Amino acid sequence: MNTSSRRRFFAVGAAGALLAGSVAAGSPAFAAPGDSADVSVTVDIEEIKEPGVLAMSIAGDSVTLAEDGSTLLVRQFVGTLPTVTVTDTRTPDEVPAGAAWAVLGSATDFVGGAGQAPIGAGHLGWKPKLIDGGDSGLVSEGEEVVTVVDEPTQPGNNVGLVDQELLVSTFDSGAVAGGAYTVNADLFLRTPADVAAGAYTSTLTLSLFE
């Protein structure tokens, strides 16, 4: 071996010895040439915390009224509003101070499928029924709204569901936050006895406000 070759040999050997010594001293995952070592990689991902929401759901999208309780002067058709649920997943801190929520309902005129004269929405009334208002006593159903062919059961309530009438409400959103509340209503359509026969359709719109 000539002088130049010996220099290259010793230089490579020295570097290799230094590298091997450095791995052995600095890492327990030491691997000899031809072996392998594993490194465990971990991460802690926290759950995304979304703010709570106030929402309404309805257990159905249609009601068929059936005749029941008619008299010689007034024909009556009754049914039950699908259960309405107001869910509030907010914490009290997320509710604006002084907030209150309410579900209101209003109906369109009943339109005849065969060209009959429409039946005004004032002929449709309801009697809300609270199913589950929680334990606070701060959620309550609205008052009965009777029709235009009825005598008022209280001043100004024989208007039918022409305008936004109260189904359920609370005056303190913060106090009932974090709960779910359910309500339905008895529906009744009352018409004159000489109403034209045939199928009629109306749309009852429910809206949640806060």
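This text follows the structure it describes.
I will try to describe carefully the structure that is included in this document.

What about the pattern of salt bridges?
Two side chains carrying opposite charge are able to pair once their charged atoms lie near each other. Going through the model one piece at a time under the given rule, you end up with five salt bridges. The closest approach of N and O atoms between Glu-67 and Arg-75, which form a salt bridge, is 2.8 Å. Here Asp-150 ties to Arg-190 by a salt bridge, and the two come within 2.8 Å at their closest N and O atoms. With a gap of 40 residues between them, Asp-150 in the loop between β8 (139-141) and β9 (165-170) and Arg-190 in strand β10 (residues 180-192) connect regions that are remote in the sequence.

Considerations on the layout of surface pockets
Gaps left between atoms are located by rolling a probe of water-molecule size over the structure's atoms. Size it by volume and the largest pocket reaches roughly 630 Å³. In terms of lining residues, the largest pocket is bounded by 28 residues, among which Val-63, Leu-65, Phe-110, Tyr-200 and Ser-202 are the most central. Those elements giving two or more residues to the lining of the largest pocket turn out to be β3 (74-80), β10, β11 (200-201) and β12 (204-209). Partitioning the lining of the largest pocket into residue classes produces 18 nonpolar, eight polar and two charged.

A short note on the sheet that holds strand β5 (residues 101-107)
Hydrogen bonds between backbone groups are what pair the strands of a sheet, and the pairing can be parallel or antiparallel. The strand order across the open sheet built from four strands is β8-β9-β5-β12, with neighbouring strands paired in antiparallel fashion. Whereas interior strands pair on both sides, the edge strands pair on one side only; in this sheet they are β8 and β12. When the angles between neighbouring strand axes are averaged without regard to direction, this sheet yields 15 degrees. Of the strand pairs in this sheet, β5 and β9 are connected by five bridges, and their pairing is antiparallel. Looking at the pairing, Trp-101 lines up with Thr-170 of β9.

About the criteria used
Residues numbered from 1 in each chain as written. Predicted model: local features only at pLDDT ≥ 70, side-chain atom pairs only at ≥ 80, totals over all residues. Heavy atoms only, no water. Salt bridge = Lys/Arg side-chain N within 4 Å of Asp/Glu carboxyl O. Helix = DSSP H or I, 4+ residues; strand = E, 2+ residues; numbered from the N terminus. 1 Å grid on protein atoms, 1.4 Å probe; cavity = no way out; pocket = protein on both sides within 12 Å on 5 of 7 lines; lining within 4 Å. Points joined across faces, edges and corners; volume = space filled by probe spheres on them. Nonpolar A, V, L, I, M, F, W, Y, C, P; charged D, E, K, R; others polar. Pairing = 2+ DSSP bridges. Axes fitted to C-alpha atoms, helices over the stretch in contact; angles between N-to-C directions.

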